[in-house]
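Read off the chains here:
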Amino acid sequence: MNKNEISSETSPQETMAQGFSRRSFLGLSGGLIAAGTLLNASCNTSDDNPAPGGVLLTQDDLGILNYAYAMTQLSVAYYQKVMDAGFYANATVQEMALITDMKDHETAHRELWKALLGTKAIMTLSFNFETINFKDRTAVLTTEKMLEDLSVSAYNGVAYQITNPDYVQLFSKAVSVQARHAAYVRDLLVNGSFASGDMQVDMNGMEMAKDPSVVLAAMSSFITTPISSRLP
Amino acid sequence: MSFKNILQEFSKIDDAEMGKSSARRDILKNITRKVALTALPFAIGANSNKATAKSTNVSIDTLNFILSFQHIVAEFFKQAVSLGTANSLFPSTDAQQAFVTIRNHEAAHVKFLTQTINAASPNAAIPVNAKGYDYTLGGTLLTFNDYKTLLAVAQVLLDLSVRTYKGQIGGFVRNPLLTDLFSIQSVLARNASHVRQMRTTIAGGSIMIKPWITQKQTSISNPAFNASYAGEETAVQYGISIVGIGGQAILADAATEAFDEPLTQAEVTTIITPMIIT
C-alpha cells in the first residue's frame, strides 16, 4: 500500500490493526479511487451537524447502528404501506401471512437497533412511496426484492467496520433472516431465482456486500429526510 | 473487493516476497493464544510489482472447522444432484435446477475456504479434506431414495450451516474475512429459504413450512434433527426481550423468527459426528 494514501501519522500496520477500509482497498486495486479516500474514511470530520431537518450517521458503532435503524425504518414503512393498501391484487393467503411475518421481523430489528441506541437514536424518518402502484403484484414485489437484497448487502458490507463484537453477532443474526426474506420474495417473482439470475450472488456463491454510501444512495429515492453520512 | 480477490493478488507474489513474511510469523509465535494463529499476508497494490504483504491474525483452526463442516454440506448436494437424478427423485426441472444451484454454491464455498487456508500459511496450514459421510442416519433414512426426505435433510443441513458460520464469526471482528463469511452466510440462508419453500410446495398446501425458523420447530417428525434447532426459540437479544419490543405487536413466534441463532463448535461437532464415517 502506498503510504501517501494513508493518513501520514498512521503506519500501515496500525491502519490494519484498526481495520482497513474495504472501499479504499477496492479503489486501490481497481485504481478507481484517488488518493485521499482513506483520509476521508479515517479522519473525523469537524462537521458533526446534520443537514437542517436531517440526521447524521457518525463514523462509529453508533453511526452503524443508526444506519441499520434507518434501513429498517424504511423496510417497515414499506411493508406497512403494502398492508395498508390491502396487499396487491390476487395475493394468496400464504403470501399475506408471510409478508406480515416479514414486517414483524423488520419491526423487531428496527426496535432492537433503536433500543441499543437509546438517546443516540436518529429521529423517525419520512418516506415517499408515491411512485409505486401498491395494487400491482409485480411492482410491489420488485421493490420489495430490491429493498431486501439491499438490506442483505448493507449488513454484509458494513459488518467488518463494527468494533463491538456483540453488535457484529446481532447483525449476523439479523442478516440471515433478511436473506431468507430476499430469497422468498425473489421466488415469488421468479421461482428459482432465490440466489441466482443476476449479480446479487456471484459465481463463487458469495453475496454482494455494499458500502453505506452505495446503500444510502439507493434508498434515497424513498427517504425524504436528509441523511448526512460519515460512513464510507 | 472480496478476500478472494485479495487471494488472486496474493498468488502473484513471488517467493522473495513470501520470505519477508517469515519475520512476522516469528513475532506471532510469541503471542499466546488458545488457537493456532498464523500470519495471513495480504498483497496490497494490484498495480505494483513490488507488492508488499500485510498481515492480520486469522485462526486457521476456525477456518478449518468451518471447512470441515462445509465439506459435509457440499458433498451432500453433490450426491443429491447425482443420486436424485439417477433415482428420478426430482418432480420438476425447477426442483433439480435448484439443487444444482445450491450444489454449485456449496462447492464454491469449499473452494474459497480451501484457498484461504492455503494462502494464509503455505508452510503450516493444511486445509482439511472431505471425508466419507453418511446422510441416512445409519440407513434409517431414505435420503437419496425419497424426495421428501431429501428435502428435509437438505433443509436441516442448510439451516445448520447458517448457525455454524454464525458461531464462528466472533473470531473475525474487524477482519476483512468477516465480509466474506457474511457473504457466504447470507447465501446459505437464501438456499435454506428456498428448500423450505420447496417443502411447502410438495406438501400441496396442506402445511406451510415458512422460509424462516419458527421457535425451534424442525417441521420434521424424526427427533434426530431436534439438536440442529435447539436454541432457535430464543426471544431475547442482548438482554432485551423481542416480544412486544418498543410497544410493538411482536408475538413470540415472530420474535424467534426474526433472528437466527449461532451454535458453538462443540454443539455443531456433536451434531455432525454421526454423519462422518471415515
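Residues numbered from 1 in each chain as written. Chains lettered and ligands numbered in written order. Predicted model: local features only at pLDDT ≥ 70, side-chain atom pairs only at ≥ 80, totals over all residues. Heavy atoms only, no water.

A. Molecular detail of the overall build of chain A. The number of helices and strands found in chain A is eight helices and two strands. Going residue by residue from the N terminus, the α and β elements of chain A occur as α-α-α-β-α-α-α-α-α-β. Across the 232 residues in chain A, those meeting the buried criterion constitute 56%. Across chain A, the fraction of contacts at a sequence separation of at least 24, relative to all contacts at a separation of at least 6, is 78%. Accessible surface, chain A: about 9200 Å² in total, of which carbon and sulfur atoms supply 52%. (Helix = DSSP H or I, 4+ residues; strand = E, 2+ residues; numbered from the N terminus. Buried < 20%, exposed > 50% of the residue type's maximum accessible area, 1.4 Å probe, protein only. Contact = heavy atoms within 4.5 Å. Areas by Shrake-Rupley, 256 points an atom, 1.4 Å probe, with all protein chains shown as cover.)

B. Representation of the overall build of chain B. Helices and strands together make up the secondary structure of chain B, namely eight helices and four strands. Each helix and strand of chain B, placed in order from N terminus to C terminus, yields the pattern α-α-β-β-α-α-α-α-β-β-α-α. Buried positions account for 56% of the 278 residues belonging to chain B. Pairs at least 24 apart in sequence give 69% of the contacts found in chain B among residues at least 6 apart. With the model as given, the accessible surface of chain B reaches about 11300 Å², and the carbon-plus-sulfur share is 53%.

C. Local environment of unusual backbone geometry. With phi around 65 degrees, F87 of chain A is a residue other than glycine that occupies positive phi space. Locating F87 of chain A in the fold gives a position in the loop between α4 (61–84) and α5 (93–117). F87 of chain A sits in the buried class, given a relative accessible area of 10%. The phi torsion at S219 of chain B lies on the positive side, around 60 degrees, for a residue other than glycine. Along the chain, the position of S219 of chain B falls in the loop between α6 (176–202) and β3 (236–237).

D. Representation of the interface of chain B and chain A. Listed by partner, the interface residues are 68 residues for chain B and 72 residues for chain A. Of the roughly 5900 Å² buried at the junction of chain B and chain A (both faces included), carbon and sulfur atoms supply 63%. Summed over the shared surface of chain B and chain A, the number is six salt bridges. The shortest N-O distance in the salt bridge between R180 of chain A and D260 of chain B comes to 3.0 Å. (Buried area = accessible area lost by both parts, 1.4 Å probe. Salt bridge = Lys/Arg side-chain N within 4 Å of Asp/Glu carboxyl O.)

E. Just the side chain of S228 of chain A, in detail. Residue and element names in this part refer to chain A. Relative to the helices and strands, S228 is located in strand β2 (residues 227–229). The exposure class assigned to S228 is buried, which follows from its relative accessible area of 16%. Among the polar contacts made by the side chain of S228, one reaches the main-chain amide nitrogen of A51 at a distance of 3.3 Å. S228 has contacts with P50, A51, V55, L56 and L57, leaving out every residue within four places of it along the chain. (Polar contact = N/O pair within 3.5 Å; in protein donor to acceptor, adjacent residues only side chain to side chain.)

F. Structural view of the environment of Y135 of chain B. All names here are of chain B. With respect to the helices, strands and loops of the structure, Y135 is situated in the loop between α4 (93–120) and α5 (147–168). Those residues in contact with Y135 that sit more than four places away from it in its chain are H71, I72, E75, F76, Q79, L141, T143, F144, V153, L157 and M275. A polar contact of 3.1 Å, which involves the side chain of Y135, links it to the backbone nitrogen of F76.

G. Region of interest: the environment of Y184 of chain A. The residue Y184 of chain A is located in helix α7 (residues 165–189) in this model. Sequence-wise, Y184 of chain A and K145 of chain A are 39 residues apart; in three dimensions their C-alpha atoms are separated by 8.9 Å.

H. Representation of the packing of α5 of chain A against helix α6 (residues 137–158) of chain A. All names here are of chain A. Here α5 crosses α6 at 35 degrees, and the two axes come no closer than 14 Å. Our pair here, α5 against α6, has a crossing hand that is left-handed. For the pair α5 and α6, contact is made by E95, I99, M102, E106, H109 and W113 and by R137, E144, E148 and Y155, respectively. Considering only residue class, the contact of α5 with α6 consists of four nonpolar, one polar and five charged. (Axes fitted to C-alpha atoms, helices over the stretch in contact; angles between N-to-C directions. Left-handed = near helix turned anticlockwise from the far one by under 90°. Nonpolar A, V, L, I, M, F, W, Y, C, P; charged D, E, K, R; others polar.)

I. Up close: the confidence of the model for chain B. Residue and element names in this part refer to chain B. When pLDDT is averaged across chain B, the result is 82; 77% of the residues are at 70 or more. When the criterion is pLDDT under 50, residues 1–56 qualifies, and its contacts beyond four places in sequence or with other chains add up to 103 contacts. The ipTM value of the predicted complex is 0.82, and its pTM value is 0.82. (pLDDT = per-residue confidence, 0-100.)

J. Geometry of the packing of aromatic side chains. Residue and element names in this part refer to chain B. Overall, the coordinates contain 19 aromatic pairs over all chains when judged by the stated rule. Plain terms: the ring middles of F76 and Y135 are 5.2 Å apart, the flat faces sit at 70 degrees to each other, and that makes the pair edge-to-face. Of this pair, F76 sits in helix α3 (residues 60–86) while Y135 sits in the loop between α4 and α5; the two residues are 59 residues apart in sequence, bridging distant segments of the chain. Looking at F76, the relative accessible area reads 0%, which means it is buried. Of the aromatic side chains, those joined through ring pairs into one cluster are F76, F77, F90, F99, Y133, Y135, F144 and Y147. (Phe/Tyr/Trp six-rings, centres within 6.5 Å; stacked < 30°, edge-to-face > 60°.)

K. Spatial organisation of the environment of M219 of chain A. All names here are of chain A. Within the secondary structure, M219 sits in helix α8 (residues 212–219). Judged by relative accessible area, which is 2%, M219 ranks as buried. Separated by 111 residues in sequence, M219 and A108 place their C-alpha atoms 20 Å apart.

L. Quick peek at the pattern of salt bridges. Scanning the model with the defined rule gives 15 salt bridges over all chains in all. A salt bridge links K210 of chain B to D101 of chain A, with the shortest nitrogen-to-oxygen separation between them at 2.8 Å. One end of the pair, K210 of chain B, is in the loop between α6 and β3; the other, D101 of chain A, is in helix α5, on a second chain. A single burial state applies to K210 of chain B and to D101 of chain A, both of which are buried. In this structure, K145 of chain A and D198 of chain A form a salt bridge, with 4.0 Å as the shortest nitrogen-oxygen distance. Of this pair, K145 of chain A sits in helix α6 while D198 of chain A sits in the loop between α7 and α8, placing them 53 residues apart in sequence.

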